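Descriptive structure summary
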Amino acid sequence: MGTDKHTDLGLKEEDLLEMYRYMLLARYCDERQWALNRQGKAPFVVPVSGHEAAQVGSAWAFEKGKDVFCPYYRDMALVLVAGFTPRDVFLGLYGKAEDPSSGGRQMPAHWGAKDRNIITGSSPIATQCLHAAGIAYSRKIKKSDAVVGTWFGEGGTSEGDWHGAMNFAGIHKLPLVFVCENNQYAISVHESKQVAGRVYQRAAGYGMPGHEGDGNDLLESYRLVKTAVDRARAGEGPSLIELRTYRFYSHTSDDDDRTYRAREEVEEWKKKDPITRFQDYLKSVEVIDDAKIEQMREEAKTEADEGAKSAEEADFPDAATAAQNVYGNLEVV
Ligand SMILES: Cc1ncc(C[n+]2csc(CCOP(=O)(O)OP(=O)(O)O)c2C)c(N)n1
Ligand SMILES: [Mg+2]
């Protein structure tokens, strides 16, 4: 009673500083990859900026090494928490041999790493939700206490795959948490043309609880998803959590959001920057001061830059291996 918000949530100062560090790391990696794209060095970028609190907060609710992550393309901050390094991020961006996701076979931002329980996704949106449902079903059959998380945008909730995954999870009471990062746009399509009613309310139709919260508030994102993870681990079944947020850049480096978003709207949301908000919280509870902020920002920026540099210098895959893990045995076909 009367304690700080994070103490009530069972978070220690070390947790807060680590969460802040991951948000900074994602932001600086994002700024770097966007610049590399504009310099003609990186083919395709999916920006994360604006989503850092929703992703770091939700990822923090899971147990690394045990739980399973089924992310979507925008989840760079999430996979950093789940075990990617900045170098891994840029290895994928450049399509280098050591790219953990696919050794340069997949498009950038199709995150995957078997040793970190991150399941690589397909490009059709919401397919990862079906993968997650299948994995959660297997965990249930094996009586494992692992929980599966899957992330997607509000646009993804229009897909049949999403509804199929929700229905299957509800029927079988799967240990699965659905996290919607609702940034109000599916490329150029506004939420009002995408979702009749509210995303979180769809949970009721599939026999599971649905909750919404401020996805630009790190502690709120953590709280909602942690409650859902605890529930799933206790055998009480799936949940749907909708985290409302906003992306600062265009949908991808191939999109120009000026054709469908007013600059004033983007500027308004930048004032709600999730990193600044968490920084303000940390200052208010005296976990950091301006000098520490400066130091942590400098360190995160250096780490992002060094990851990019090291990945740029790494080798491309050997051309002779191009079909490996892409096609079966061509001689048999
Ligand atoms: C089945 C399918 N339809 C269309 C696309 C093209 N597409 C890629 S991302 C995207 C928008 C998805 O928006 P949302 O789910 O809200 O996620 P956000 O990108 O906003 O984070 C679309 C339509 C696709 N990849 N797969
Ligand atoms: Mg969206």
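Relevant structure appears above.
Residues numbered from 1 in each chain as written. Chains lettered and ligands numbered in written order. Predicted model: local features only at pLDDT ≥ 70, side-chain atom pairs only at ≥ 80, totals over all residues. Heavy atoms only, no water.

1. Quick notes on the coordination of the magnesium ion (ligand 2)
This is how the line gets drawn: Water is absent from the atoms considered, so a metal site may look incomplete; donors are defined as N, O and S atoms within 2.8 Å of the metal, or 3.2 Å for Na, K and Ca. Every angle between 85 and 135 degrees makes a four-donor site tetrahedral, while opposite donors more than 155 degrees apart, with all other angles between 65 and 115, make a four-donor site square planar and a six-donor site octahedral; other sites are irregular. Going along the chain from the N terminus, every DSSP run of H or I of four or more residues is numbered as a helix, and every run of E of two or more is numbered as a strand. Using a 1.4 Å probe on the protein chains alone, a residue whose accessible area is under 20% of its type maximum counts as buried, one over 50% counts as exposed, and one in between counts as partly exposed.
The protein atoms donating to the magnesium ion (ligand 2) are Glu-154 (OE), Glu-154 (OE), Asn-183 (OD1) and Tyr-185 (O), with metal-donor distances spanning 2.1 to 2.7 Å. Note that the magnesium ion (ligand 2) binds six donor atoms; their angles at the metal cover 50 to 177°, and the shape is irregular. Sequence positions of the residues that donate to the magnesium ion (ligand 2) give the spacing E-x28-N-x1-Y. Residue Glu-154 is located in the loop between strand 2 (148-153) and helix 7 (160-172), and its partner Asn-183 is located in the loop between strand 3 (176-182) and strand 4 (185-186); the two are separated by 29 residues in the primary sequence. The pair formed by Glu-154 and Asn-183 is uniform in burial state, with each residue classed as buried.

2. Quick look at the packing of helix 2 (residues 13-38) against helix 11 (residues 290-313)
As a reminder of what qualifies: Lines fitted to the C-alpha atoms define the axes, with helices restricted to the stretch that makes contact. Angles between their N-to-C directions range from 0 to 180 degrees. Orientation is classified from the angle alone, with under 35 degrees giving roughly parallel, over 145 giving roughly antiparallel, 65 to 115 giving roughly perpendicular, and any other angle giving oblique. Left-handed is the label given to a crossing in which the near helix is rotated counterclockwise from the far helix by less than a right angle, and right-handed is the label when the rotation is clockwise. Whether two residues touch is decided by their heavy atoms; if any such pair falls within 4.5 Å, the residues are in contact. Charged means Asp, Glu, Lys or Arg here, nonpolar means Ala, Val, Leu, Ile, Met, Phe, Trp, Tyr, Cys or Pro, and polar covers whatever is left, Gly included.
Where helix 2 contacts helix 11, the two axes come as close as 8 Å, and the packing angle between them is 45°. Comparing the axis directions of helix 2 and helix 11 gives the class oblique. Classified by chirality, the crossing of helix 11 by helix 2 is right-handed. On helix 11, the residues touching Leu-17, Tyr-20, Arg-21, Leu-24, Leu-25, Tyr-28, Cys-29, Arg-32 and Leu-36 of helix 2 are Lys-292, Ile-293, Met-296, Arg-297, Ala-300, Lys-301, Glu-303, Ala-304, Asp-305 and Ala-308. Its residues placed into classes, the contact of helix 2 with helix 11 shows 12 nonpolar, no polar and seven charged.

3. A word on the pattern of salt bridges
One side chain can pair with another of opposite charge once the charged atoms of both are near each other. Selection criterion: Put simply, a salt bridge is a Lys or Arg side-chain nitrogen that is within 4 Å of an Asp or Glu carboxyl oxygen.
One pass over the full model with this rule turns up 28 salt bridges. In this structure, Asp-214 and Arg-277 form a salt bridge, with 3.0 Å as the shortest nitrogen-oxygen distance. Here the residue Asp-214 occupies a position in strand 6 (residues 210-214), and Arg-277 occupies one in helix 10 (residues 274-284), the gap between them amounting to 63 residues. The exposure class assigned to Asp-214 is partly exposed, which follows from its relative accessible area of 30%. Given the relative accessible area of 32%, Arg-277 is considered partly exposed. Each of Glu-63, Lys-66, Asp-67, Asp-145 and Arg-233 takes part in a single network of salt bridges with overlapping partners.

4. Quick look at the site of ligand 1
Here is the rule we go by: Nearness here has a simple test: a residue counts as near a molecule or strand if at least one of its heavy atoms is within 4 Å of that partner. For this analysis, a polar contact is any N or O atom pair within 3.5 Å, provided that within protein one partner can donate a hydrogen and the other can accept it, and provided that sequence-adjacent residues contribute only side-chain to side-chain pairs. Note on areas: Shrake-Rupley, 1.4 Å probe, and residue coverage restricted to the protein chains presented here.
Looking at ligand 1, there are 16 residues lining it, with Tyr-72, Tyr-73, Arg-74, Gly-155 and Tyr-185 nearest. Between ligand 1 and Glu-154, the relevant distance is 3.1 Å, taken from an oxygen atom to a side-chain nitrogen or oxygen of the residue. In the complex, the protein chains occlude 74% of the 590 Å² of accessible area that ligand 1 would expose alone. Among the residues forming the shell around ligand 1, the class breakdown is seven nonpolar, six polar and three charged.

5. A look at the side chain of Glu-191
Following the sequence through the fold, Glu-191 ends up in the loop between strand 5 (189-190) and strand 6. Within the structure, the side chain of Glu-191 is placed 2.9 Å from the side chain of Arg-244, a separation counted as a polar contact. Beyond its immediate chain neighbours, meaning those up to four positions away, Glu-191 contacts Glu-154, Asn-182, Gln-184, Glu-242 and Arg-244.

6. Examining helix 7
For the α-helix, the turn length of 3.6 residues means that residues three or four positions removed from each other point alike. Put simply, the rule reads: To estimate the expected span of a helix, subtract one from its residue number and multiply by 1.5 Å.
For helix 7, with 13 residues, the first-to-last C-alpha span of 18 Å sits near the 18 Å given by 1.5 Å per residue. The elements touched by buried residues of helix 7 are helix 6 (127-141), strand 2, strand 3 and strand 7 (239-244). Looking one or two residues past helix 7, Lys-173 carries a phi angle of roughly 50°, positive in sign.

7. Some points on the sheet that holds strand 2
The condition is simple: Strand pairing follows a simple DSSP-based rule, namely that at least 2 bridges must link the two strands.
Strand order across the open sheet formed by five strands is 1-2-3-7-6, with parallel pairing between neighbours. Where the open sheet ends on each side, the last strands, each with one partner, are strand 1 (68-70) and strand 6. The average angle at which neighbouring strand axes cross in this sheet is 20°, direction not considered. Pairing of strand 3 with strand 7 involves six bridges; the strand directions are parallel. Considered in strand 7, the bridge of Val-177 is made with Ser-239. Here helix 6 sits on the sheet in contact with strand 1, strand 2 and strand 3, set at roughly 170° to strand 2.

8. Quick word on the side chain of Asp-75
Spelled out, the test is: Asp and Glu count as negative and Lys and Arg as positive, but His and the ends of the chain are not part of the count.
In this structure, Asp-75 sits in the loop between strand 1 and helix 4 (76-81). Among buried charged residues, Asp-75 stands out as having no salt bridge; its nearest opposite-charge side chain is Arg-74, 7.6 Å away. For Asp-75, the contacting residues outside a window of four places in its chain are Gln-55, Trp-111, Trp-151 and Glu-181.

9. Digging into the pairing of strand 3
Of all seven residues in strand 3, seven are buried, a share of seventy percent or more. Alternating residues of strand 3 divide into Leu-176, Phe-178, Cys-180 and Asn-182 and Val-177, Val-179 and Glu-181, and every residue in both groups is buried. As paired strands, strand 2 and strand 3 are joined by six bridges and run parallel to one another. Within strand 3, the position partnered with Gly-153 by the bridge is Glu-181.

10. Observations concerning the packing of aromatic side chains
Basically, it comes down to this: Each aromatic pair joins two rings of Phe, Tyr and Trp (for Trp, the six-membered one) with centres within 6.5 Å, and gets the label stacked for planes under 30 degrees apart, edge-to-face for over 60, and tilted for any other angle. Should the NZ of a Lys or the CZ of an Arg lie within 6 Å of a ring centre and within 35 degrees of the ring normal, that charge is described as sitting over the ring.
According to the stated counting rule, one finds 14 aromatic pairs in the structure shown. Relative to Tyr-281, the ring of Phe-278 lies with its centre 6.3 Å away and its plane at 10°, an arrangement referred to as stacked. Here Tyr-281 and Phe-278 lie together in helix 10, a separation of three residues that amounts to about one turn. For the pair formed by Phe-278 and Tyr-281, the shared burial category is buried. One aromatic cluster is present, formed by Tyr-185, Tyr-246, Tyr-260 and Trp-269 through successive ring pairs. Lying across the ring of Trp-269, Lys-272 places its NZ or CZ 3.9 Å from the centre.

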